[in-house]
Amino acid sequence: MELETSIMTHPTAVREAARVVAIEAARAYVANIRPIDLTNPGVLTGHLMAAETLLMDIVAAHTEPTETEGAAR
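Residues numbered from 1 in each chain as written. Predicted model: local features only at pLDDT ≥ 70, side-chain atom pairs only at ≥ 80, totals over all residues. Heavy atoms only, no water.

Enquirer: An account of the packing of helix 1 (residues 12-31) against helix 2 (residues 41-63) is needed here, citing residue identities and associated values.
Expert: Pairs of packed helices are described in terms of their axes, by the angle between the two and the distance that separates them. Packing of helix 1 against helix 2 leaves a shortest axis separation of 8 Å and a crossing angle of 160°. By the angle class used here, helix 1 and helix 2 are roughly antiparallel. Note on packing geometry: the crossing formed by helix 1 with helix 2 is left-handed. Every residue of helix 2 that contacts helix 1 at Arg15, Ala18, Arg19, Ala22, Ile23, Ala25, Ala26 and Tyr29 is listed here: Gly46, His47, Ala50, Leu54, Asp57, Ile58, Ala61 and His62. Here the residues of the contact of helix 1 with helix 2 sort into 10 nonpolar, 3 polar and 3 charged. (Axes fitted to C-alpha atoms, helices over the stretch in contact; angles between N-to-C directions. Helix = DSSP H or I, 4+ residues; strand = E, 2+ residues; numbered from the N terminus. Parallel < 35°, antiparallel > 145°, perpendicular 65-115°, else oblique. Left-handed = near helix turned anticlockwise from the far one by under 90°. Contact = heavy atoms within 4.5 Å. Nonpolar A, V, L, I, M, F, W, Y, C, P; charged D, E, K, R; others polar.)

This is the structure we're talking about:
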């Protein structure tokens, strides 16, 4: 039994909206950061984990192809 390897595409408008949402979420997070207590490792770890999650969302939104990008590959 062969597995079909097709590229899953999303409508361009949906993918572009996901890209904007991911970037705006990161911007909002950064805009709301207050002065950070650099002596508190728990707070630092929390900010690093949140930043990593936001960056992964941005990467995912930009690596999944849209209809037009999927056709070109």
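The discussion continues.
Enquirer: Give me the lowdown on helix 2, citing residues and values where you can.
Expert: Here helix 2 spans 32 Å end to end across 23 residues, near enough to the 33 Å set by a 1.5 Å rise per residue. At the N-terminal end of helix 2, a side-chain oxygen is found 3.0 Å from the backbone nitrogen of Gly42, two or three residues along, and the residue is Asn40. (Expected span 1.5 Å × (residues − 1). Polar contact = N/O pair within 3.5 Å; in protein donor to acceptor, adjacent residues only side chain to side chain.)

The values are spatial; any link to function lies outside them.
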